[in-house]
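Observations on the three-dimensional arrangement
One-letter residues, chain by chain:
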Amino acid sequence: MSLLESYGLRLQRKRWRLRALRKRRELRAIADRTGAIGSQDVLLFCTIRNERIRLPYFLKYYRDLGVRHFLFVDNASNDGTRDYLVEQPDVSLWSTSASYKRARFGMDWMNWLLRKHGHGHWCLTVDADEFLVYPFSDTRPLEALTDWLDASSIRTFPAMLIDMYPKGRIDAVTYREGDNPFEIANWFDSGNYVFKRNDKLRELWIQGGPRARAFFAKRPERAPALNKIPLVRWHRAYTYVSSTHMLLPRGLNQIYEEWGGEKASGCLLHAKFLHTFSAKAEEELIRRQHYAASHEYRAYAKGLRDNPDFWCKWSEKYINWRQLEILGLMSKGNWA
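Residues numbered from 1 in each chain as written. Predicted model: local features only at pLDDT ≥ 70, side-chain atom pairs only at ≥ 80, totals over all residues. Heavy atoms only, no water.

1. Observations regarding the pairing of strand β14 (residues 266-270)
With respect to burial, β14 is a largely interior element, five of its five residues being buried. The side-chain alternation of β14 yields two buried faces, one formed by Gly266, Leu268 and His270 and the other by Cys267 and Leu269. Two strands pair when backbone bridges link them, and strand β6 (residues 130-133) and β14 are joined in this way by four bridges, in the antiparallel orientation. Across the sheet, the residue bridging to Leu132 is Leu268, located in β14. (Buried < 20%, exposed > 50% of the residue type's maximum accessible area, 1.4 Å probe, protein only. Helix = DSSP H or I, 4+ residues; strand = E, 2+ residues; numbered from the N terminus. Pairing = 2+ DSSP bridges.)

2. Thoughts on the sheet that holds strand β4 (residues 91-96)
With mixed pairing, the nine strands of this open sheet are ordered in space as β1-β4-β3-β2-β5-β11-β7-β14-β6. Because the sheet does not close on itself, it has two edges, and the strands there are β1 (28-31) and β6. Looking at each pair of strands side by side, their axes are set apart by 25 degrees on average, direction ignored. Where strand β2 (residues 43-48) meets strand β3 (residues 69-75), six bridges bridge the pair, whose relative direction is parallel. Note that in β3 the partner of Leu43 across the bridge is His69. (Axes fitted to C-alpha atoms, helices over the stretch in contact; angles between N-to-C directions.)

3. Digging into the state of the cysteines
If you walk through the whole model with that rule in mind, you get zero disulfides. Not engaged in a disulfide, the cysteine Cys46 finds its nearest cysteine sulfur in Cys123; these two sulfurs lie 14 Å apart. Classification of Cys46 by relative accessible area gives buried; the value is 0%. Of all cysteine sulfurs, the one in Cys267 lies closest to Cys312, which takes part in no disulfide; the gap is 18 Å. (Disulfide = S-S within 2.5 Å.)

4. Focus: helix α5 (residues 142-151)
Looking at α5, one finds that the buried residues are Leu142, Leu145, Thr146, Trp148 and Leu149. When α5 is viewed along its axis, its buried side chains cluster within an angular range of 160 degrees and face the same direction. Where α5 is buried, its residues touch α2 (55-65), β5 (122-125), β6, β7 (156-163) and β11 (227-233). Remark: Ser153 follows α5 within two positions and exhibits a positive phi of approximately 55 degrees. (Arc of directions from axis to C-beta. Contact = heavy atoms within 4.5 Å.)

5. Considerations on helix α4 (residues 107-118)
Taking 1.5 Å per residue as the helical rise, α4 with its twelve residues ought to reach 16 Å, whereas the 14 Å between its terminal C-alpha atoms falls clearly short. Those residues of α4 that sit buried are Met107, Asp108, Trp109, Met110, Asn111, Trp112, Leu113, Leu114, His117 and Gly118. (Expected span 1.5 Å × (residues − 1).)

6. Some details on unusual backbone geometry
Pro249 follows Leu248 through a cis peptide bond whose omega is 5 degrees. Positionally, Pro249 belongs in the loop between β13 (246-248) and β14. Residue Ala76 is not a glycine yet carries a positive backbone phi of 60 degrees. Although it is not a glycine, Ser153 sits at a positive phi angle of roughly 55 degrees. Along the chain, Ser153 turns up in the loop between α5 and β7. Judged by relative accessible area, which is 66%, Ser153 ranks as exposed.

7. Here's the deal with empty space enclosed by the protein
According to the stated counting rule, one finds one cavity of 30 Å³ or more in the structure shown. Roughly 30 Å³ of internal volume is contained in the largest cavity. Breaking the lining of the largest cavity down by element, the ones donating at least two residues are α1 (3-23) and α4. Partitioning the lining of the largest cavity into residue classes produces two nonpolar, two polar and three charged. (1 Å grid on protein atoms, 1.4 Å probe; cavity = no way out; pocket = protein on both sides within 12 Å on 5 of 7 lines; lining within 4 Å. Points joined across faces, edges and corners; volume = space filled by probe spheres on them. Nonpolar A, V, L, I, M, F, W, Y, C, P; charged D, E, K, R; others polar.)

8. A closer look at the pattern of salt bridges
Applying the stated criterion across every chain yields a total of 16 salt bridges. In this structure, Lys272 and Asp129 form a salt bridge, with 4.0 Å as the shortest nitrogen-oxygen distance. In this pair, Lys272 sits in the loop between β14 and α7 (277-287) while Asp129 sits in the loop between β5 and β6, placing the two residues 143 residues apart along the sequence. As far as the burial class goes, Lys272 and Asp129 line up, both buried. Glu221 serves as the salt-bridge partner of Arg219, at 3.2 Å between the closest nitrogen and oxygen. (Salt bridge = Lys/Arg side-chain N within 4 Å of Asp/Glu carboxyl O.)

9. Concerning the nonpolar core
In this structure, Tyr62, Phe72 and Leu142 are the most contacted members of the largest nonpolar core, which totals 58 residues. Looking at this core element by element, the count peaks at seven residues for α2. Excluding residues that lie within four positions of it along the chain, Leu142 makes contacts with Val42, Leu65, Val67, Leu124, Leu132, Tyr134 and Leu231. Grouped together as the second largest cluster of nonpolar side chains are 26 residues, Tyr100, Ala103, Trp109 and Tyr256 included. (Core = buried A, V, L, I, M, F, W, Y, C linked by side-chain atoms within 4.5 Å.)

10. Looking at the environment of Gly35
Tracing the sequence through the fold places Gly35 in the loop between β1 and β2. Its relative accessible area of 78% is what places Gly35 among the exposed residues. Sequence separation of Gly35 and Ser92 is 57 residues, and the distance between their C-alpha atoms is 9.8 Å.

Shape descriptors only; they carry no functional weight alone.
Written out as structure tokens, the structure is:
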């Protein structure tokens, strides 16, 4: 990379940090319990809208993994999400009715809260339908993973997004509050993924899976990105650039070994495709608050009207993290 390109990235990072500073004015504290955060606590950051039905299991899942405090931004929910979160003793909540799109799809709000409250902590930034699975996650808490990452001088932990879906129509089984979504959506694509390295920001761009084959078969380059870096030992100088796909400084994105071997990585099991999804897709199509004039949700709405079924003969039923490692979708690296 030339000196001019390197300087341009520094200016870009400064710009995103200044945007986050300005966008903090859009946030109103509803329940600020950040004073209870301990110096070694793992924190979770999430922007949310109308996800009340998901919250009980989401919170339980991450509490069981070892998250000690949750920081939510509620973007004008009207389904009881805000009232539910206010009652949770380990949750700090901010509210805004400002444009999700004009806040760079919520990342300006997240970058501000990460800068203010995440400095020095391991911070997990996820959506309400994303569930982190990492090597030994069935027996070792997040703290064991972050301790190993610290000892190995590793600042970021990547996770590939794995779209989960049921066998048959996604609206055939009703998801109920508190249920494990993966008792319904327990199938995934074991292959059908494309990996491409971006030399400018050093991230590994991943596309494919059921959304690519079901909704973007004619234009696979427009399929959603599946590469994520959700877990970061945060520093106030860092910033997310595009969702949690990539960060600045760009060295944080180098999640692969240059000289052979594999770095440790995980997966985010994506519980998007439950019976609630069709209504959600129609709502977001009307709101038009998502990337590229909501082209992704236009594809969803059209495809779901025709055939809301992702299952095919190549689908694989989810068992555990070891299965994902065998398939090459995640790696324990040299963590034993």
